[in-house]
Amino acid sequence: MTGPRDAADVVVIGGGIAGISAAFELAGTGHEVVLVEREPTLTAHSTGRSAAQFLASYGEATNRRLSAASRQFLDSNADGLADSDVLLPRNVLWVAPARHEAQLEERLRANATTGTPCDRLDVDEAMQVCGALDSAWVAGAVLEHGGFDIDVAGLHQAYVRGARSRGVKILRQHGVRGLASAGDGWRVDTDAGEFSCRVVVNAAGAWTDEVAALAGACKLGMRPLRRTVFTFSTSYDCDNWPLVISADESFYFKPEGPGQLLGSPADEHPDRPGDARPREVDVALGIEAVNRATTLSIRAVRSTWAGLRTFSPDSVPVVGFDPYVPGFFWCAGQGGTGIQTAPAVARLTAALIGGEIPAGDLGALESQLSPKRFAAV
Ligand SMILES: Cc1cc2nc3c(=O)[nH]c(=O)nc-3n(C[C@H](O)[C@H](O)[C@H](O)COP(=O)(O)OP(=O)(O)OC[C@H]3O[C@@H](n4cnc5c(N)ncnc54)[C@H](O)[C@@H]3O)c2cc1C
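Residues numbered from 1 in each chain as written. Predicted model: local features only at pLDDT ≥ 70, side-chain atom pairs only at ≥ 80, totals over all residues. Heavy atoms only, no water.

Let us now look at the site of the ligand. Taken together, 37 residues form the shell around the ligand, and within it Glu37, Thr47, Gln53, Val176 and Gln340 come nearest. Here Thr47 contributes a side-chain N or O atom positioned 2.6 Å from an oxygen atom of the ligand. The contact in question runs from an oxygen atom of the ligand to an N or O atom on the backbone of Ala52, over 3.4 Å. Its free accessible area being 1000 Å², the ligand has 97% of it covered by the protein chains. When contributions to the shell around the ligand are tallied by element, the ones reaching two or more residues are helix H1 (17-28), strand S15 (223-233) and strand S20 (303-311). Here the shell around the ligand takes three residues from S20, the largest share from any one element. Looking at the shell around the ligand, its residues break down into 14 nonpolar, 17 polar and six charged. Counting only domains with at least three residues in the shell around the ligand, you end up with domain 1 (6-68 + 152-220 + 314-374) and domain 2 (92-145 + 223-311). (Near = heavy atom within 4 Å. Polar contact = N/O pair within 3.5 Å; in protein donor to acceptor, adjacent residues only side chain to side chain. Areas by Shrake-Rupley, 256 points an atom, 1.4 Å probe, with all protein chains shown as cover. Helix = DSSP H or I, 4+ residues; strand = E, 2+ residues; numbered from the N terminus. Nonpolar A, V, L, I, M, F, W, Y, C, P; charged D, E, K, R; others polar. Domains from an automatic or database assignment.)

Right, dumping it as structure tokens:
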């Protein structure tokens, strides 16, 4: 069905954390914004499937700077729009078995570059932080302070509330199936109506290359990588445990409520954009890895899911106007840090669409994030 043609300044494609945060910031800088999402639920894909961790030291250097630039907004509970705390303290314990302790030293060096406070722990000290570590497996640990659980649903809802109050039209079940340049803008053809606009923001997560193709832009080679998650019960009093992650990132687990833990084999399987499903073998490998390092003795899981972490070819997000297709803006490739970097990415998106380069660190990142870096010379 084609509804009446509607006009907006900017159409944002995708209602996950990237799209909703961009819509919020764009409306705050005076743009008339329509957000279109294919699913009935805005957080149906990666945003609703994350491990919900803020980890300042995680990812490439550029991701880490985006995370730092996002802290203030997250600390302020989304400028007071969230009902409760968006960040709740949850430190991170990097653990390593014998003969792999060099990875802990690397971790200490990497954290020194971000100024993240860390302590090197011996086995006894590590077991005081997480009583389920197996002393026959763990040889040492690094406790990284300043990590947090993120209330992802609360943050996303705060953005929805803020965007609506700024006049953003949020349209679910409006999958974009065509993009045609029209005059100095776009005609956006969706499952439930047609829109005209000056700028299209491509915040379609794993589908960003597909949306680019609709616009006649070159695909950038975005890589959706599937990651598996499972939850399980434990008789340990685990509420105050940190996120425990092996130094080679071959597994992690963290508290998920009283007597509940969330685990993952930290897998990265290339996949197609879509409704990612967990494979039994990956759940089994995750259980095996956690059981090897701990006395948790997982035998049964409560729930399992998988989600896509979508990376650009150089694993740095892509934020900026396409160099060849006018009015087509990329907000893509947030990989494994898309929640914790969303506030900064959204602010940069709004500034660049408004024709500005923001002052400070965010402005300095503009060229590193630009899709121009992939342009043929
Ligand atoms: C297991 C796992 C653990 C993670 N852990 C963390 C973590 O601890 N911390 C962190 O910061 N990040 C984490 N991430 C990464 C984070 O979840 C993602 O980077 C982030 O959610 C990406 O947001 P997005 O809005 O780009 O994508 P999505 O949430 O996938 O949103 C994209 C939306 O675009 C819509 N769409 C696509 N095509 C169209 C179309 N043609 N028309 C209309 N709509 C369309 C889709 O339906 C989708 O809803 C994790 C991810 C996974 C999978």
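Structure shown, so let's carry the discussion forward.
Turning to the domain arrangement of the protein chain, a few remarks are in order. The assigned domain composition of the protein chain is domain 1 (6-68 + 152-220 + 314-374) and domain 2 (92-145 + 223-311). Spacing between the C-alpha centres of domain 1 and domain 2 amounts to 30 Å. Each partner contributes residues to the interface: domain 1 has 21 residues there, and domain 2 has 26 residues. Between domain 1 and domain 2 lies a buried interface of about 1900 Å² when both sides are counted; carbon and sulfur atoms form 52% of it. (Contact = heavy atoms within 4.5 Å. Buried area = accessible area lost by both parts, 1.4 Å probe.)

In this section: the pairing of strand S22 (residues 328-332). Where burial is concerned, most of S22 is hidden: five out of the five residues are buried. The alternating pattern of S22 places Phe328, Trp330 and Ala332 on one face and Phe329 and Cys331 on the opposite face, and all of these are buried. The pairing of strand S21 (residues 318-321) with S22 spans four bridges and is classified as antiparallel. Within S22, the position partnered with Val319 by the bridge is Cys331. (Buried < 20%, exposed > 50% of the residue type's maximum accessible area, 1.4 Å probe, protein only. Pairing = 2+ DSSP bridges.)

For Gln173, the position within the fold is in the loop between strand S10 (169-171) and strand S11 (176-182). Between the C-alpha atom of Gln173 and that of Leu42, which follows or precedes it by 131 residues, the distance is 9.4 Å. Contact partners of Gln173, with chain neighbours within four places excluded, come to Glu37, Arg38, Glu39, Pro40, Asp191 and Ala192.

What follows deals with unusual backbone geometry. Even without being glycine, Asn77 reaches a positive phi, approximately 55°. Looking at the secondary structure, you find Asn77 in the loop between helix H2 (61-75) and strand S5 (87-89). Asn77 sits in the buried class, given a relative accessible area of 18%. At Asp79, a position not held by glycine, the phi torsion is positive, near 55°. Checked against the element boundaries, Asp79 lands in the loop between H2 and S5. A residue is classified by how much of its surface remains accessible, and Asp79, at 55% relative accessible area, is exposed.

Turning our attention to the packing of aromatic side chains. According to the stated counting rule, one finds twelve aromatic pairs in the structure shown. Ring centres 6.4 Å apart and planes at 5° place the aromatic pair Phe251 and Phe253 in the stacked group. Grouping residues by exposure puts Phe251 and Phe253 together as buried. Pairing Phe328 with Trp330 gives two aromatic rings, centres 5.8 Å apart and planes at 85°, and the pair type is edge-to-face. Under the relative-accessibility criterion, Phe328 is labelled buried at 0%. Classification of Trp330 by relative accessible area gives buried; the value is 0%. An aromatic cluster of at least three residues, connected via ring pairs, comprises Trp137, Tyr236, Trp241, Phe251 and Phe253. Sitting over the face of the ring of Trp207, Arg38 holds its NZ or CZ atom 5.0 Å from the ring centroid. (Phe/Tyr/Trp six-rings, centres within 6.5 Å; stacked < 30°, edge-to-face > 60°. Lys NZ or Arg CZ within 6 Å of the ring centre and 35° of its normal.)

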